[in-house]
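Below, each chain spelled out in residue letters.
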Amino acid sequence: MQKYGQHFLIDRNVINQIVDAVLLLRVENLVEIGPGKGALTQQLIARGQKNFTVVEIDPQMVSYLQTHVPAEAGIKIERHNFLEFNLSLLPHGPTEFVSNLPYIDAADILDKVLAYPFFFSAVFMFQKEQAQRIRAQAGEEFYGPLSVFSQLRARISPICKAGRGCFSPPPKVESAVLAFERLKEPVFISEEEWQKFKKLVLSAFAHKRKTVFNSLTLCGYPKDVVADSIAKLNLSPTVRAEQISPQNYVQLNKLLS
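Below, the structure is looked at part by part. All of these numbers come straight from a predicted model, not from anything done at the bench. (Residues numbered from 1 in each chain as written. Predicted model: local features only at pLDDT ≥ 70, side-chain atom pairs only at ≥ 80, totals over all residues. Heavy atoms only, no water.)

**Comments concerning the overall build of the protein chain**
Piece 1. From N to C terminus, the protein chain includes 10 helices and 9 strands.
Piece 2. Its C-alpha atoms give the protein chain a radius of gyration of 20 Å, within 12% of the compact-globule value 18 Å for 257 residues.
Piece 3. Out of the 257 residues belonging to the protein chain, those deemed buried represent 47%.
Piece 4. Long-range contacts, defined as pairs at least 24 residues apart, comprise 66% of the intrachain contacts of the protein chain with a sequence gap of at least 6.
Piece 5. Accessible surface, the protein chain as shown: approximately 13100 Å² in total, 50% of it carbon and sulfur. (Helix = DSSP H or I, 4+ residues; strand = E, 2+ residues; numbered from the N terminus. Rg over C-alpha atoms; globule rule 2.2 N^0.38 Å. Buried < 20%, exposed > 50% of the residue type's maximum accessible area, 1.4 Å probe, protein only. Contact = heavy atoms within 4.5 Å. Areas by Shrake-Rupley, 256 points an atom, 1.4 Å probe, with all protein chains shown as cover.)

The following block contains the structure:
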């Protein structure tokens, strides 16, 4: 394993399914995050994709790509930690992202991508359990803040699964690929609105064994306003955070604002 803990994707079938999804959602700009040795990069080029950007943190992998990616493909290689990379340096316009995401940073990278003003689509591989959290519906085992924040910013579709043997070296967990498409009508117009909403959802889930009423009031929301808002949404006074849908959280946020 390399210094940065990469698990290199080697399964041709999974690679092709990811590339198929990328090309189906193709827009003006493409960014690949953490290309490693370029398994996806090379297949994208072979399928006609040119003039895109790759962002790679590992200097050894950057050197490898510089000597193995054909110059005529016009690939711009940025040596950066994507979470610290200034996205304003990318060409402006509808942008698609693709990556076999590093498990440890996957949620943070997804959040950064979905928040990018020019985000249009993405095809990302996650640890299987994290993919389940992203797609989970209210009341299901894996439902939580990640489900709410993801589903309110993109339409999410499953692409394929990837077992341990699809990687070198094999990880300890299985993986899954999801596609994200920007919603036609954004739920939140301003960053200020979004931050208020995030605070509400995180507060609701802050005390897992308590009702939403208790959790929100413990986090500083006025008791009478919380009780009134829950009643207006026809929710039970004992409703818990994992039982409230993303859309109801949006309504709850409006009532509490």
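Text resumes after the structure shown.
**Considering the state of the cysteines**
As used here, a disulfide is simply a covalent bond connecting the sulfur atoms of two cysteines.
Piece 1. This model, assessed by the stated rule, comprises 0 disulfides.
Piece 2. Sulfur of Cys160: no disulfide; nearest cysteine sulfur belongs to Cys166 and is 8.1 Å away. (Disulfide = S-S within 2.5 Å.)

**Some details on the pairing of strand β3 (residues 53-56)**
Piece 1. Of the two faces of β3, the one carrying Thr53 and Val55 and the one carrying Val54 and Glu56 are both buried.
Piece 2. A crossover links strand β2 (residues 29-33) with its parallel partner β3, the connecting element being helix α2 (residues 39-46), and its sense is right-handed.
Piece 3. With 4 bridges connecting them, β3 and strand β4 (residues 76-79) associate as parallel partners. Bridge pairing links Glu56 to Arg79 in β4.
Piece 4. Remark: the β3/helix α3 (residues 59-68)/β4 crossover connection has right-handed handedness. (Right-handed = clockwise from strand over helix to strand, strands pointing away. Pairing = 2+ DSSP bridges.)

**Considerations on helix α7 (residues 191-204)**
Piece 1. An ideal rise of 1.5 Å per residue puts 20 Å on 14 residues; α7 measures up with 20 Å between its terminal C-alpha atoms.
Piece 2. Every buried residue of α7 is listed here: Trp194, Phe197, Lys198, Leu200, Val201, Ser203 and Ala204.
Piece 3. The inward-facing, buried residues of α7 contact α4 (106-115), α6 (145-151), α8 (212-218) and α10 (246-256). (Expected span 1.5 Å × (residues − 1).)

**Description of the environment of Phe180**
Piece 1. Tracing the sequence through the fold places Phe180 in strand β9 (residues 175-182).
Piece 2. For Phe180, a relative accessible area of 0% puts it in the buried group.
Piece 3. Put simply, Phe180 and Phe97 are 83 residues apart on the chain and 9.4 Å apart in space, counted from C-alpha to C-alpha.
Piece 4. The contacts of Phe180, once residues within four sequence positions are left out, are Leu25, Leu110, Phe119, Phe120, Ser121, Ala122, Phe124, Phe126, Ile134, Ala154, Arg155 and Ile156.

Purely spatial values, then, with no claim about function.
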